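# Understanding the architecture of this molecule
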Amino acid sequence: MIDRDSKEMERVIEDCLARAGMDRKVYETDWLPDDRSIFWQGDDLDEFLRLASIADAKLLYLVKLWTATYQEYPSEYAGQVYEIDIAFLSNDLFHVYRATTPWSVEYWRGYDDRHRMGEERKGRQAYC
């Protein structure tokens, strides 16, 4: 996983997909099933796309996750992409590369903290 600014993260991923010749194989979706996902432990998207090519991936899945609107949670990061997942299906499992912004964990902790009064504040595990 890599940490980048929102716009830079989107640009880098688009560039890597184009460089690998996989930009036309992308299908954007809202989510991937957690129970069928394996997360890439490296931080090199080019290497992940090479693996997808070796696995003969016919389609790449792209998931963009956004922060809350400014009206819902006033923040300098309102309405921005904080995470992008690229995945391919192989052997009935989604192999997932995840890129996140450096501020995403703190953002969601702040978002969650405003809803928790007196209870233990752990933050959103799904966003960490």
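## Quick look at the environment of Tyr61
The residue Tyr61 is located in strand β4 (residues 60-66) in this model. Look at Tyr61 and you get buried, because its relative accessible area is 18%. Between the C-alpha atoms of Tyr61 and Ala87, which are 26 residues apart in sequence, the distance is 4.9 Å.

## Here we look at the pattern of salt bridges
Under the criterion given, the structure shown has nine salt bridges. Among the ionic pairs, Glu47 bridges to Arg50, the shortest N-O distance being 2.7 Å. Residue Glu47 and its partner Arg50 are located together in helix α2 (residues 45-54), separated by three residues, close to a single helical turn. A single salt-bridge network, built from bridges that share partners, covers Glu83, Asp85 and Arg98.

## Some thoughts on the side chain of Ser37
Relative to the elements of secondary structure, Ser37 occurs in strand β3 (residues 37-39). You can call Ser37 buried: its relative accessible area is 14%. Once you skip the residues sitting within four places of it in the chain, Ser37 turns out to touch Leu32, Phe94 and Val96.

## Let's talk about the packing of helix α1 (residues 6-19) against α2
Contact geometry of α1 with α2 gives a least axis separation of 10 Å together with a crossing angle of 40 degrees. The orientation of α1 relative to α2 falls into the category oblique. In this structure, α1 meets α2 at a crossing whose hand is right-handed. Facing α1, whose interface residues are Ile13, Cys16, Leu17 and Arg19, α2 presents Leu45, Asp46 and Leu49. Grouping the amino acids of the contact of α1 with α2 by side-chain chemistry returns five nonpolar, no polar and two charged.

Cut-offs and rules
Residues numbered from 1 in each chain as written. Predicted model: local features only at pLDDT ≥ 70, side-chain atom pairs only at ≥ 80, totals over all residues. Heavy atoms only, no water. Helix = DSSP H or I, 4+ residues; strand = E, 2+ residues; numbered from the N terminus. Buried < 20%, exposed > 50% of the residue type's maximum accessible area, 1.4 Å probe, protein only. Salt bridge = Lys/Arg side-chain N within 4 Å of Asp/Glu carboxyl O. Contact = heavy atoms within 4.5 Å. Axes fitted to C-alpha atoms, helices over the stretch in contact; angles between N-to-C directions. Parallel < 35°, antiparallel > 145°, perpendicular 65-115°, else oblique. Left-handed = near helix turned anticlockwise from the far one by under 90°. Nonpolar A, V, L, I, M, F, W, Y, C, P; charged D, E, K, R; others polar.

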